[in-house]
4 protein chains.
Amino acid sequence: MTGSSARVSDQTTQHDLLALQWPSPPRNILFVRKDDDTAVHDALIEYTDHIKATYPETNLVFEPYVAQQIHDRFSFPVYTVRESGSNVPYHAKVDLTTTLGGDGTILHAASLFATAKSVPPVLSFSMGTLGFLGEWKFKDFKRAFREVYVSGHPSVLPSKGGNADVTDGGSGPRADSMTGWSNIRGKSMGSSRSSRILMRNRLRIGLFDTSGERLPHEPPFAHQDNKCEDIFALNEVLLHRGKLPHLAHITILIGSPPHQRTLTTAIADGFLVSTPTGSTAYSLSSGGCIVHPLVSSLLLTPICPRSLSFRPVVLPANTLVTLRIDELNRGKEIEVSVDGVRRQQGLRAGMEVRVVGEEVRTQGPPGTRDWMGGVPSIVRSGHAADGEDHWVGGLNGLLKFNYPFGEDG
Amino acid sequence: MTGSSARVSDQTTQHDLLALQWPSPPRNILFVRKDDDTAVHDALIEYTDHIKATYPETNLVFEPYVAQQIHDRFSFPVYTVRESGSNVPYHAKVDLTTTLGGDGTILHAASLFATAKSVPPVLSFSMGTLGFLGEWKFKDFKRAFREVYVSGHPSVLPSKGGNADVTDGGSGPRADSMTGWSNIRGKSMGSSRSSRILMRNRLRIGLFDTSGERLPHEPPFAHQDNKCEDIFALNEVLLHRGKLPHLAHITILIGSPPHQRTLTTAIADGFLVSTPTGSTAYSLSSGGCIVHPLVSSLLLTPICPRSLSFRPVVLPANTLVTLRIDELNRGKEIEVSVDGVRRQQGLRAGMEVRVVGEEVRTQGPPGTRDWMGGVPSIVRSGHAADGEDHWVGGLNGLLKFNYPFGEDG
Amino acid sequence: MTGSSARVSDQTTQHDLLALQWPSPPRNILFVRKDDDTAVHDALIEYTDHIKATYPETNLVFEPYVAQQIHDRFSFPVYTVRESGSNVPYHAKVDLTTTLGGDGTILHAASLFATAKSVPPVLSFSMGTLGFLGEWKFKDFKRAFREVYVSGHPSVLPSKGGNADVTDGGSGPRADSMTGWSNIRGKSMGSSRSSRILMRNRLRIGLFDTSGERLPHEPPFAHQDNKCEDIFALNEVLLHRGKLPHLAHITILIGSPPHQRTLTTAIADGFLVSTPTGSTAYSLSSGGCIVHPLVSSLLLTPICPRSLSFRPVVLPANTLVTLRIDELNRGKEIEVSVDGVRRQQGLRAGMEVRVVGEEVRTQGPPGTRDWMGGVPSIVRSGHAADGEDHWVGGLNGLLKFNYPFGEDG
Amino acid sequence: MTGSSARVSDQTTQHDLLALQWPSPPRNILFVRKDDDTAVHDALIEYTDHIKATYPETNLVFEPYVAQQIHDRFSFPVYTVRESGSNVPYHAKVDLTTTLGGDGTILHAASLFATAKSVPPVLSFSMGTLGFLGEWKFKDFKRAFREVYVSGHPSVLPSKGGNADVTDGGSGPRADSMTGWSNIRGKSMGSSRSSRILMRNRLRIGLFDTSGERLPHEPPFAHQDNKCEDIFALNEVLLHRGKLPHLAHITILIGSPPHQRTLTTAIADGFLVSTPTGSTAYSLSSGGCIVHPLVSSLLLTPICPRSLSFRPVVLPANTLVTLRIDELNRGKEIEVSVDGVRRQQGLRAGMEVRVVGEEVRTQGPPGTRDWMGGVPSIVRSGHAADGEDHWVGGLNGLLKFNYPFGEDG
Ligand SMILES: NC(=O)C1=CN([C@@H]2O[C@H](COP(=O)(O)OP(=O)(O)OC[C@H]3O[C@@H](n4cnc5c(N)ncnc54)[C@H](O)[C@@H]3O)[C@@H](O)[C@H]2O)C=CC1
Ligand SMILES: NC(=O)C1=CN([C@@H]2O[C@H](COP(=O)(O)OP(=O)(O)OC[C@H]3O[C@@H](n4cnc5c(N)ncnc54)[C@H](O)[C@@H]3O)[C@@H](O)[C@H]2O)C=CC1
Ligand SMILES: NC(=O)C1=CN([C@@H]2O[C@H](COP(=O)(O)OP(=O)(O)OC[C@H]3O[C@@H](n4cnc5c(N)ncnc54)[C@H](O)[C@@H]3O)[C@@H](O)[C@H]2O)C=CC1
Ligand SMILES: NC(=O)C1=CN([C@@H]2O[C@H](COP(=O)(O)OP(=O)(O)OC[C@H]3O[C@@H](n4cnc5c(N)ncnc54)[C@H](O)[C@@H]3O)[C@@H](O)[C@H]2O)C=CC1
């Protein structure tokens, strides 16, 4: 990450939310938007115009194909990562990610950091209906961005530079000068407020063939250099029978050798290992319970199990869970998907998916603490200064949790 | 159906099971077996040898590819239906179907009658573990077949013939003579006992394109002449997202125009309309309740609905249920499967599946009553002379219904 | 029932709803209202004033304690049943019941007919929020009552009298003259419309002690003369552990001797046998599925079973279900409740509740058909002339069935 | 606690189980047994005889009424706590608790420490069927006790004494001398093995009246001196409608003022707040998911909620959860129970139950670490040296988790 990588403070009275602190202002801002939606596209233009005008030192970064579409709309250069030939990963260059779209857009943004142990903060906007992961309405984008930008009472520091490798998405020169917060100071309502961060744990996922060798992941989750390492997921990993309307057989093992133990064999449509964040996604539809994102855990949820007695299970996040494709599936491939993206190549009998909750740590002295692991999600602030606000609000307002019987007003 | 088509009597004290009555002995016996299983194949040989030796007037009928595999094992001719050029449907020729395999084999046998309003009785055997639909252990095959053959105190009548169109599966001449029950009389333990029949209702299913025109079904469910008529299913019809790990949108309408009404739009992995028989199949895995096969009803069960408030619904069997592929699926095909067989061609936005429970009627004076509709499943008899036996027994013995907690013996 | 007892016609195109037909206008109208609610009480006065003024031949009948409270508010006499000394049951006197309140009021009204094989039609109004059983908003009471009163194109017949035994709730003389529909003819919008009736099946419930002797029921369900006969329930019969926070053990048997068979022993908070009508009441809360009132069936739903594999079961309505208090409960009484009314005396080990769906029959030639069994519920009519209207509408509007995720408008 | 209070080490390779370490041998052993069971009583005698003979320095402690029943069976004195006049709590005197019975006995034993922030280790035996909480079969009691007694490679230290206040349950003199492990050394199989401990988190529960004042708890949970402090529960706290078959209204609030927020109002039979340990108890029956005891969390599970959309929720253990009796229950008391023991006095409208997961901490340098909070449960050791063993084994062996369909062996 660049020199302006965010830090967190846990000196907050609010339930386990962290406070965002920048050592220097965020500089390289990655914009991720939903595809094929004109309103979203127009909003993106409005958003980026504003950012560039108000925070001229920032660099605007896009995914290559978006940069391609968008670069001649601007008078200033835009940047991208992973152009052909390049193999600089996003997390090495991006200080802040901001999304326009729904939960799917946030998941996609997270997938760009699927090989990164440390992910920059995510500020997400939705255009219409709020998603469950998305925190801000687009109409508040100016206030929201400012709040994030100035978060953490920072002293005004000269830029440490260090983002030379960001590739120009179009053709223009690099925007290089940076003066920190000084030029926006006057506009600040007082830097007394820090943005609050919900650190969302991810899953660490590895695929293994029948001889225990690693299988490569596929884009967008793949490692730059195709090293077959683990990837990270925000919601879940899914094994599924796919299009064949017959039962899949998946054996679930718990723990690491030599303490590994068979939990059971699921005979089912499929099987999910989810994060608490993912507990309100697919797992919810499959009958899983709702787990607060701060409960350090993994959810095991079967999909349509041919059993009366398969209840969802919640394990400590540090449990290694192995899903082994059973011999009884011989001949049939089992589909594997991560956060809603299906791997082209399915898994055959004997292959394994190994999953564990990522370790989340903060390190360093209070106030200048860095974190490792987790997707730092910037939480909506509002009149209700309550840390639970957004999550309880989402349950009631979006998921219609325990929605009352009877006629509507 | 041939002249020896079975009749039923409802003059039974046992809960709603019917008694099987043949006007003359069943003559054309269709053997359906599980594929790719040597033990099953060997059992089939043993079974057919026994039948031909003991009931020489019977004709042994097989599916074409089985007849092909098997015909030179026998010294007597075997028959088949639907050879190339032929378009005689099974139900016009078969007096009794007998299966060797599991539930899947029974479903397959039923699919051969998917276009028939009247289905001959089914006597099913399993080799190993009993299925939930299958009633008899193979080791009892001699007793079971005899019991069925002599069911209903029949007077000995000369054959009425009338099965001339049954095609020889190999090359031999037609076995034609038939003397009724006379030659097995001596072996009868007394014809006081009738085989009991559980009449399993089916679904009637039509597919319609966006302009309301019928779409053809695909084999094995297709009509001989490719007339686009309704087909019948024993378990369920399934709509599913298939291999794409994204939500399907399916609108469910209830009733016939002009009284048709939208129940809801399911946003889900898929949606099931099941028979009570199918309530212990896929619907059970999706959280449906267990419905006794004699409750005249349809089950609506969503698969992984993105909703906290989608509870399975049970409707009267005579309700017309329409599943309409929603515009929100535009671009994606929704898979449709019947009794575990997927249609190659999926459904696109605006297309509909229309489902209603088939009407089951018995007609004619008591004792010589014919039936229309339903799959007459010959129920296992045993020491417990209870009609509920097999169903309650299946719940406890096979599905482990309310299986007690605690250590096993 | 009196001479003006209603008849039904099933000559209706609408799904299995019946059409109401009076041989002569309904005369004795039972008013049942929710207690302790001033608004309801005032509405009752308004309602009865209107009825007496518009349909002077009708007799207004109340429960004794209501008659007592209310009689001096009127210039005309009011009637009651079951005054001390009397043992005339409601169903012998009442032609039409009309309720003001919620579902609880309808259940209470039904309980007054808990010993009657034939129940007069019920016209129910709710003041505020509609219940799931209640069909009409009170503001429509004039139109609703008229529609019911003239239902079935009746020819104008002189009264057949025959309600002499209706007791005066206060002191006044009996209102006796009756001229049929003649005097309201002019006001009729044309008698082309029949009220539609949903016939709700009930449960028939008997209680038995350890030696197989009947136990008496308690008011309001008790028989007049305390004969220990079966009573009828509209929603369900409930067995429950009551206040002791320990598991109850209840054995469920299915079928009648000698074909009775043990389904299972529930180790649970309690156990429910419900009608389809009751499927949206307690059974729903316990995880039961939603069963349309016209599916002829019984629902078996455990309450908090100590089992992973106890799934709700739906049986044919004519199945005898026996709930036996297990010896393992020795020392503890199990509470028994019917439609939300708890019996003072609980049940001890060895005692049984026997339940079967009531038989519903219509008899006589079409057009003048009487029915036996069921609670004839007068369904709301509206612009949507659809029979499914009220039920599907209730699922969506009241129970928030599959209520969509996302922000409210 | 006495000088011999146990310590724990987390230097174990096994998943989050702790290792038991005694600074000096456990001296005061509390025996808790199931009541009214002769076999259990006889086993208790055998057990205590063996302990006294083999570990003569130990003091045998019983609940007063057990001591009363049992003391003249022994030649040595037995002790008790909380005799009349005494107000020494168990946790001040007991070094090790050992139970004979099932889960109920363990819960009862835990209730004796319901006011203690630090609980001595529990070694539990079952006579017949293992419970889910109970770890050892009684037949292994000699080996099990020895393993616990010598756990942690202790050096042989002279007794630090300090258990002078243990009251004699009968009449005999105090057993006072103590020589540590020396006299059993020879019998040791080598002290290389430590007993492994699963630290079970509890709930901290306070009751409050309408004006926010504390309400007292009742025995066995009450504080000695009737100080109205919080108590601890091992499974759950339950609010329930009790014997009245009508819905309870309970409002659930989350967080501490000023960040407290209403989650929802449950309209239900009742409501549970459970520990992960309790996830396999009542919560499981109410549809909750299975949560591993080491997931630091609270479970919110409604009982028969009148809602289609009330899904169980899992919150971080440090969340303050408030259950407020809603005004809509006016007139009716809501029953409150802790770990299966009902409080005589119910709660009325406006009263509150406040619940939070207890904080579990270990402190001190590795190896001599003390813990605060949690019930240290001594886990069965066996040939499978796997820490997950007992829990996964319990799911499969006892709860019949995902029990396979099909015929038994
Ligand atoms: N039957 C189901 O419920 C299915 C669910 N999914 C979920 O969809 C996710 C992918 O999302 P999209 O690409 O948008 O696919 P999509 O277009 O199929 O929509 C999935 C829906 O889930 C919501 N969602 C996603 N993550 C969520 C979370 N953590 N909490 C609450 N709601 C969440 C989205 O807002 C959207 O409404 C997968 O990770 C999986 O969890 C995918 C397939 C089927
Ligand atoms: N997740 C699930 O539960 C799935 C279930 N199925 C069911 O499988 C059926 C097709 O069967 P197969 O070809 O054997 O496929 P299969 O090989 O996938 O096995 C399906 C299983 O369901 C059992 N089964 C079938 N019908 C049943 C019934 N009416 N009651 C109880 N158990 C029943 C079979 O014995 C077998 O164990 C479909 O009609 C569908 O109901 C199909 C796909 C997924
Ligand atoms: N946990 C639960 O869900 C409980 C439910 N009940 C139900 O309450 C009924 C008694 O009703 P009340 O005297 O009003 O008691 P109540 O005041 O406890 O309210 C029961 C609720 O159930 C509704 N209800 C009643 N019958 C219904 C039906 N057939 N379909 C849909 N909703 C229905 C009522 O409108 C009311 O909202 C019982 O027959 C039982 O079914 C009773 C106790 C607990
Ligand atoms: N419907 C239900 O499931 C009910 C459950 N209970 C549970 O019973 C507990 C009290 O136990 P007892 O005094 O023995 O009452 P009990 O005699 O009613 O038996 C409760 C059952 O739950 C088991 N159990 C207790 N704690 C457990 C745990 N943590 N995990 C797995 N199984 C467990 C016991 O072995 C026993 O089989 C309460 O704390 C409550 O959790 C109490 C009432 C109703």
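The residue numbering used here restarts from 1 in each chain and proceeds along that chain's sequence as written. Each chain gets a letter, beginning with A, and each ligand a number, beginning with 1, in the order they are written. Predicted model: local features are reported for residues with pLDDT of at least 70 only, side-chain atom pairs are reported and counted for 80 or more only, and whole-chain, interface and lining totals are derived from all residues. For the side-chain quantities, the full set of heavy atoms in the structure was used; hydrogens and water were omitted.

Undergrad: Help me understand the packing of helix α1 (residues 38-54) of chain A against helix α4 (residues 141-149) of chain A in this model?
TA: When two helices pack together, their arrangement is given by the angle between the helix axes and by the axis-to-axis distance. Residues and elements named next belong to chain A. Every axis corresponds to a line fitted to the C-alpha atoms, with the helix fit spanning only the stretch in contact, and the corresponding angles, defined between N-to-C directions, vary from 0 to 180 degrees. Put simply, DSSP H or I for four residues or longer makes a helix, DSSP E for two residues or longer makes a strand, and each gets a number counted from the N terminus. Between α1 and α4, the shortest axis-to-axis distance is 11 Å and the interhelical angle comes to 45°. Between α1 and α4, the interaxial angle falls into the category oblique. Note on packing geometry: the crossing formed by α1 with α4 is right-handed. Contacts between α1 and α4 involve Glu 46, Tyr 47, His 50 and Ile 51 from the former and Phe 141, Lys 142 and Phe 145 from the latter. Here roughly perpendicular refers to angles of 65 to 115 degrees, roughly parallel to angles under 35, roughly antiparallel to angles over 145, and oblique to all remaining angles. By convention the crossing between two helices is left-handed if the near helix lies anticlockwise of the far one by an angle smaller than a right angle, and right-handed if it lies clockwise. Two residues form a contact once any of their heavy atoms are found within 4.5 Å.

Undergrad: I tried to follow unusual backbone geometry on my own but got confused; where do I start?
TA: A negative phi holds for most residues other than glycine; trans holds for most peptide bonds. A cis geometry characterises the amide bond from A:Pro257 onward to A:Pro258, with omega recorded as 0°. Assignment of secondary structure puts A:Pro258 in the loop between β15 (248-254) and β16 (261-274). Positive phi outside glycine occurs at B:Cys304, with the angle close to 50°. Structurally, the position occupied by B:Cys304 is in the loop between β19 (297-303) and β20 (313-316). Positive phi, normally seen in glycine, also occurs at B:Asp339, with a value near 50°. As for its placement among the helices and strands, B:Asp339 is situated in the loop between β22 (335-338) and β23 (341-342).

Undergrad: Even after reading the chapter, I still don't get the relation of the copies chain A and chain D, so can you show me in this structure?
TA: Mapping between the two chain copies consists of a rotation about an axis together with a translation along that axis. In superposing the copies, a least-squares fit is computed on C-alpha atoms, taking residues whose pLDDT is at least 70 in both. Take chain A, turn it by 180°, move it 0.0 Å along the axis, and it overlays chain D with an RMSD of 0.0 Å. Classification of the inter-copy transformation places it as that of a two-fold axis. Minimal C-alpha distance to the rotation axis in chain A is attained by A:Cys289, lying at 3.3 Å. When the interface residues of chain A are mapped onto chain D, 100% of them are again interface residues, pointing to one common binding face.

Undergrad: For this particular structure, what's the right way to read the site of ligand 3?
TA: Within the structure, ligand 3 sits among 20 residues, and C:Asp103, C:Glu236, C:Thr280, C:Ser285 and D:Arg306 are positioned closest to it. At ligand 3, the nearby residues belong to more than one chain, namely chains C and D. In the environment of ligand 3, an oxygen atom lies 2.6 Å from a nitrogen or oxygen atom belonging to the side chain of C:Ser285. Polar contacts, as used here, are pairs of N or O atoms within 3.5 Å; protein pairs need one atom able to donate a hydrogen and one able to accept it. Residues neighboring in sequence count only if both atoms are side-chain atoms. Here D:Asp269 contributes a side-chain N or O atom positioned 2.9 Å from a nitrogen atom of ligand 3. We define proximity as follows: a residue is near a molecule or strand when any one of its heavy atoms falls within 4 Å of that partner.

Undergrad: Would you mind showing me how to read the site of ligand 1 here?
TA: What surrounds ligand 1 is a group of 20 residues, the closest being A:Asp103, A:Glu236, A:Thr280, A:Ser285 and B:Arg306. Residues lining ligand 1 come from chains A and B. In the environment of ligand 1, a nitrogen atom lies 3.0 Å from a nitrogen or oxygen atom belonging to the backbone of A:Thr277. The Shrake-Rupley method, run with a 1.4 Å probe, gives the accessible areas here. Residue values count only the displayed protein chains as cover. Expressed as a share of its isolated accessible area of 770 Å², the protein-covered part of ligand 1 is 85%.

Undergrad: What's the story with the relation of the copies chain C and chain B in this structure? I'm lost.
TA: By a simple turn and slide, chain C fits onto chain B: the slide is 0.0 Å along the axis, the RMSD is 0.0 Å, and the turn is 180°. Mapped onto chain B, 100% of the interface residues of chain C are again interface residues, and the two copies thus contact each other with one and the same surface.

Undergrad: How do you make sense of helix α4 (residues 141-149) of chain B when you look at a structure like this?
TA: Within an α-helix, residues lying three or four positions from one another point in the same direction, as the helix has 3.6 residues per turn. To sort residues, take the accessible area from a 1.4 Å probe on protein chains only and compare it with the maximum for the residue type: under 20% means buried, over 50% means exposed, and anything in between is partly exposed. For α4(B), a buried count of seven out of nine residues is recorded, marking the element as mostly surrounded by other parts of the structure. For α4(B), the full list of buried residues reads B:Phe141, B:Ala144, B:Phe145, B:Arg146, B:Glu147, B:Val148 and B:Tyr149.

Undergrad: How do you make sense of the pattern of salt bridges when you look at a structure like this?
TA: Two side chains that carry opposite charge are able to pair once their charged atoms sit near each other. Residues and elements named next belong to chain C. Between Lys or Arg on one side and Asp or Glu on the other, a salt bridge is scored when a side-chain nitrogen of the former is within 4 Å of a carboxyl oxygen of the latter. Counted under the stated rule, the structure contains 46 salt bridges over all chains. A salt bridge links Arg 33 to Asp 35; its shortest N-O distance comes to 3.1 Å. Exposure remark for Arg 33: the relative accessible area of 7% places this residue in the buried category. Look at Asp 35 and you get partly exposed, because its relative accessible area is 32%.

Undergrad: Looking at this model, I keep getting lost on helix α3 (residues 103-111) of chain A. Mind explaining?
TA: Of the positions making up α3(A), those classed as buried are A:Thr105, A:Ile106, A:Leu107, A:Ala109, A:Ala110 and A:Ser111. Of the surrounding secondary structure, the elements contacted by the buried residues of α3(A) are β3 (28-33), β6 (96-100) and β7 (122-126) of chain A.

Undergrad: Whenever I open this one, the interface of chain C and chain B confuses me. Can you help?
TA: You'll often see interface size given as the accessible area lost when the parts meet. Each partner contributes to the interface: chain C provides 52 residues, whereas chain B provides 52 residues. Buried area adds together the accessible area that both of two parts lose upon being put together, with accessible area traced by a 1.4 Å probe. Taken together, the two surfaces of chain C and chain B that pack against each other cover about 4,100 Å², and 59% of this comes from carbon and sulfur. Contact with chain B buries area across many residues of chain C, yet C:His259, C:Arg311 and C:Asn402 alone supply 17% of it, more than any other trio. Applying the counting rule to chain C against chain B returns zero salt bridges. Across the contact surface, chain C and chain B share 24 residue pairs in polar contact (both at pLDDT 80 or more). When contributions to the side of chain C that touches chain B are tallied by element, the ones reaching two or more residues are β15 (261-274), β16 (290-291), β18 (313-316) and α6 (389-397) of chain C. By residue class, the composition of the side of chain C that touches chain B is 23 nonpolar, 21 polar and eight charged. DSSP-based pairing: two strands are paired if at least 2 bridges between them are found. As judged from the two bridges shared by β20(B) and β16(C), these two strands associate in the parallel manner. Polarity classes work like this: nonpolar for Ala, Val, Leu, Ile, Met, Phe, Trp, Tyr, Cys and Pro, charged for Asp, Glu, Lys and Arg, and polar for all others, with Gly in that last group.

Undergrad: What am I meant to see in the sheet that holds β23(B) here?
TA: Within a beta sheet, neighbouring strands are joined by backbone hydrogen bonds and run either parallel or antiparallel to one another. Taken together, seven strands build an open sheet; the order of strands is β23(B)-β22(B)-β14(B)-β17(B)-β19(B)-β20(B)-β16(C) and the sheet is mixed. The open sheet has two free edges, formed respectively by β23 of chain B together with β16 of chain C, since each of these has just one partner strand.

Undergrad: Can you help me understand the pairing of strand β18 (residues 297-305) of chain A in this one?
TA: Sheet faces and side chains relate simply in a regular strand, where the side chains alternate between the two faces. Residues and elements named next belong to chain A. For β18, the buried fraction is high: nine of the nine residues fall into the buried class. Both β16 and β18 contribute to a ladder of six bridges, which runs antiparallel. Bridged to Val 273 within β18 is Leu 300. In this structure, β18 lies alongside strand β19 (residues 313-316), joined through four bridges in antiparallel fashion. Bridge pairing in β19 places Ser 297 opposite Pro 316.

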